[in-house]
Amino acid sequence: KTQVEQSPQSLVVRQGENCVLQCNYSVTPDNHLRWFKQDTGKGLVSLTVLVHENDKTSNGRYSATLDKDAKHSTLHITATLLDDTATYICVVGDRGSALGRLHFGAGTQLIVIP
Amino acid sequence: AQTIHQWPVAEIKAVGSPLSLGCTIKGKSSPNLYWYWQATGGTLQQLFYSITVGQVESVVQLNLSASRPKDDQFILSTEKLLLSHSGFYLCAWSPGQANSDYTFGSGTRLLVI
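About the criteria used
- Residues numbered from 1 in each chain as written.
- Chains lettered and ligands numbered in written order.
- Predicted model: local features only at pLDDT ≥ 70, side-chain atom pairs only at ≥ 80, totals over all residues.
- Heavy atoms only, no water.
- Contact = heavy atoms within 4.5 Å.
- Buried area = accessible area lost by both parts, 1.4 Å probe.
- Salt bridge = Lys/Arg side-chain N within 4 Å of Asp/Glu carboxyl O.
- Polar contact = N/O pair within 3.5 Å; in protein donor to acceptor, adjacent residues only side chain to side chain.
- Helix = DSSP H or I, 4+ residues; strand = E, 2+ residues; numbered from the N terminus.
- Phe/Tyr/Trp six-rings, centres within 6.5 Å; stacked < 30°, edge-to-face > 60°.
- Buried < 20%, exposed > 50% of the residue type's maximum accessible area, 1.4 Å probe, protein only.
- Lys NZ or Arg CZ within 6 Å of the ring centre and 35° of its normal.
- 1 Å grid on protein atoms, 1.4 Å probe; cavity = no way out; pocket = protein on both sides within 12 Å on 5 of 7 lines; lining within 4 Å.
- Points joined across faces, edges and corners; volume = space filled by probe spheres on them.
- Nonpolar A, V, L, I, M, F, W, Y, C, P; charged D, E, K, R; others polar.
- Pairing = 2+ DSSP bridges.
- Axes fitted to C-alpha atoms, helices over the stretch in contact; angles between N-to-C directions.
- Core = buried A, V, L, I, M, F, W, Y, C linked by side-chain atoms within 4.5 Å.

Engineer: Looking at this structure, how should I read the interface of chain A and chain B?
Structural biologist: It is common to give the size of an interface as the accessible area that goes away when the parts come together. Taken residue by residue, the interface counts 22 residues in chain A and 23 residues in chain B. Buried area between chain A and chain B, both sides added, is near 1,800 Å², and the carbon and sulfur share of it is 55%. Taken together, the links from chain A to chain B amount to one salt bridge. Ionic pairing is found between B:Asp101 and A:Arg34, a salt bridge with its closest N-O pair at 3.7 Å. Counting across the chain A and chain B interface gives two residue pairs in polar contact (both at pLDDT 80 or more). Of all the secondary structure elements, the ones that give two or more residues to the side of chain A that touches chain B are strand S4 (32-38), strand S5 (44-50) and strand S10 (102-104) of chain A. For the side of chain A that touches chain B, the leading source of residues is S4(A), giving four residues.

Put into structure tokens, the structure is as follows:
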């Protein structure tokens, strides 16, 4: 059973536009939530981690929110660049320690066109 | 600065042959180490983790095993590959503090034929 659902599955935007990626999850307990960027065939690059109810984070053009009551997170990318083309993966950790397990979403494939 | 290196970058192996994938972390002592696997078109799954030398915990086995022979080294292996082992293998490390960052390697792409 999929515990982390991401939407949309894929998204095409023009360079300079903003976009919003969604993540809904049913993982319990939900200790923290992370967003990663994965270039095709490459490893994951951490964008942000959200821990507390109603957390908001900002990392350059990336900003994210977490609503633990609704078990929902959003990733906003502003003024997209061609290099933002990648798969964005939402990951929920059920504990803060190494003993916890990371639960991965299938990702949103973002394509930025000129 | 810490670095994480995975090898090989890619492999094509025959069904029934052995496999050994490696991961080395430099610049960090006693890291927590992890192995993840992603079937083609699929979702990443955590396979193993290790918080200290010689100790490895299994999350999802998939007829694979892992070992941590040194503080900075994490090995994923099997004696007999299955077609279902094809996919993308990622190694990662974290410092171990609560909610600390995870750093991933570049991955190994494996095709079993």
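Engineer: Sorry if this is basic, but what is going on with the packing of aromatic side chains here?
Structural biologist: What describes a pair of aromatic rings is the distance from one ring centre to the other and the angle between the planes of the rings. Tallying each qualifying case throughout the model produces eight aromatic pairs over all chains. Here B:Tyr34 and B:Tyr36 contribute two aromatic rings whose centre-to-centre distance is 6.2 Å and whose plane-to-plane angle is 25°, an arrangement assigned as stacked. One exposure class covers both B:Tyr34 and B:Tyr36, and it is buried. An aromatic cluster of at least three residues, connected via ring pairs, comprises A:Phe36, A:Phe104, B:Tyr34, B:Tyr36, B:Tyr102 and B:Phe104. A cation sits over an aromatic face here: A:Arg61 above A:Tyr62, 5.7 Å from the ring centre.

Engineer: I would appreciate a short explanation of the layout of surface pockets in the present structure.
Structural biologist: Rolled over the atoms, a probe as big as a water molecule pinpoints where empty space is left. Considered as a void within the structure, the largest pocket measures approximately 610 Å³ in volume. Forming the walls of the largest pocket are 28 residues, and the residues nearest its centre are A:Thr87, A:Ala106, B:Gln38, B:Gly41 and B:Gly42. Among the elements of the structure, strand S1 (4-7), strand S9 (86-93) and strand S11 (108-113) of chain A together with strand S9 (87-94) of chain B are those that each provide at least two residues to the lining of the largest pocket. In terms of residue class, the lining of the largest pocket is built from seven nonpolar, 18 polar and three charged.

Engineer: I tried to follow the sheet that holds strand S3 (residues 19-25) of chain A on my own but got confused; where do I start?
Structural biologist: Sheets are built from strands that pair by backbone hydrogen bonding, the pairs being arranged parallel or antiparallel. All names here are of chain A. Read from one edge of the open sheet, five strands run S1-S3-S8-S7-S6, paired in antiparallel fashion. Of all the strands in the sheet, just S1 and strand S6 (56-59) have a single pairing partner and so form its edges. With direction set aside, neighbouring strand axes in the sheet form an average angle of 15°. Here S1 runs beside S3; their pairing, made up of four bridges, is antiparallel. Counterpart to Ser-7 in the pairing with S3 is Gln-22.

Engineer: How should I be thinking about the nonpolar core in this particular structure?
Structural biologist: Generally speaking, a soluble globular protein has its nonpolar side chains buried in company with each other. Counting 22 residues, the largest nonpolar core has A:Leu33, A:Trp35, A:Leu75 and A:Tyr88 as the members making the most contacts within it. Within the residue set of this core, elements represented by two or more residues are S3, S4, S5, strand S7 (62-67), strand S8 (72-77), S9 and S11 of chain A. Each residue touching A:Leu75, except ones within four places of it in the same chain, is listed here: A:Cys19, A:Val20, A:Leu21, A:Trp35, A:Leu47, A:Tyr62, A:Ser63, A:Ala64 and A:Tyr88. In terms of nonpolar packing, the next biggest core, distinct from the first, is built from 21 residues, B:Cys23, B:Leu76, B:Tyr89 and B:Leu110 among them.

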